[in-house]
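One-letter residues, chain by chain:
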Amino acid sequence: MTVLKIERLPHNKSVPKYQTEGAAGMDLCAAIEEPVTLKPLERALIPTGLKIELEHGYEAQVRPRSGLSIKHGITLINCVGTIDEDYRGEVCVPVVNLSNEIYTIQPEERIAQMIIARVEQAKIDVVTELTETTRGAGGFGSTGK
């Protein structure tokens, strides 16, 4: 099991928490003093009041919460955000309102989830040709429904 070191900033009132024993992601809360209202298609960067330190060979993935996405159209601008092991700034969540309704994020509301995952850096090998496959260059939808 990897260890995640967390530094709480003065405006933080909570630590990330796994909501169930089998949860893959821990919830991140909005560390805001006042509610933040998002109009349809409006974006905002929501602070969590946390700084983290990951072990070497790990990343943190910030992902949308499915309940907020399906019920209110609140998701992340970049779908999944990556926090590199050497980043030491505040973790912030870039949210967007994709619904037709105004949505207000409340202080300490759970706004995203964070997953810790092992990663490897690849050795880059520049070649003049790639191995042939059946699929080849077939892209989106090329394998059928």
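Draft legend 1. The arrangement of the sheet that holds strand β6 (residues 74-76) in detail. The four strands lie next to each other as β1-β4-β8-β6, forming an open sheet whose pairing is antiparallel. A strand with exactly one partner marks an edge of an open sheet, and here the two such strands are β1 (5-8) and β6. Strand-to-strand twist of the sheet, defined as the mean angle between neighbouring strand axes without regard to direction, takes the value 45°. Across four bridges, the pairing between β1 and strand β4 (residues 43-53) is antiparallel. Its bridge partner lying in β4, Ile6 is registered against Ile52.

Draft legend 2. Highlighting unusual backbone geometry. Residues other than glycine seldom take positive phi values, yet Leu41 does so here, at roughly 70°. Turning to its location among the elements, Leu41 is positioned in the loop between β3 (36-38) and β4. On the basis of relative accessibility, which here comes to 60%, the residue Leu41 falls in the exposed class.

Draft legend 3. Summary view of the pairing of strand β8 (residues 90-97). Along β8, six of the eight residues are buried, which leaves the element largely enclosed by surrounding structure. For β4 and β8, the ladder comprises six bridges, and the chain directions are antiparallel. Across the sheet, the residue bridging to Leu45 is Pro94, located in β8. With three bridges connecting them, β6 and β8 associate as antiparallel partners. Following the sheet pairing, Leu76 is matched in β8 by Val95.

Draft legend 4. Focus on the environment of Gln121. Considering the arrangement of structural elements, one finds Gln121 in the segment after β10 (110-118). Overall, Gln121 belongs to the exposed group, its relative accessible area being 81%. Expressed as a C-alpha distance, the spacing of Gln121 and Gly57, which sit 64 residues apart in the sequence, is 8.5 Å.

Draft legend 5. A look at the nonpolar core. Counting 25 residues, the largest nonpolar core has Leu28, Ile46, Val93, Val95 and Ile105 as its most contacted members. For this core, the secondary-structure elements that each account for two or more residues are β2 (26-29), β4, β5 (58-63), β6, β8, β9 (103-105) and β10. Here this core gets four residues from one element, more than from any other, and that element is β4. Contacts of Leu28, omitting those with residues within four sequence positions, involve Pro16, Thr48, Leu50, Val62, Val91, Val93, Glu109, Arg110, Ile111, Ala112, Gln113 and Met114.

Parameters and conventions
- Residues numbered from 1 in each chain as written.
- Predicted model: local features only at pLDDT ≥ 70, side-chain atom pairs only at ≥ 80, totals over all residues.
- Heavy atoms only, no water.
- Pairing = 2+ DSSP bridges.
- Helix = DSSP H or I, 4+ residues; strand = E, 2+ residues; numbered from the N terminus.
- Axes fitted to C-alpha atoms, helices over the stretch in contact; angles between N-to-C directions.
- Buried < 20%, exposed > 50% of the residue type's maximum accessible area, 1.4 Å probe, protein only.
- Core = buried A, V, L, I, M, F, W, Y, C linked by side-chain atoms within 4.5 Å.
- Contact = heavy atoms within 4.5 Å.

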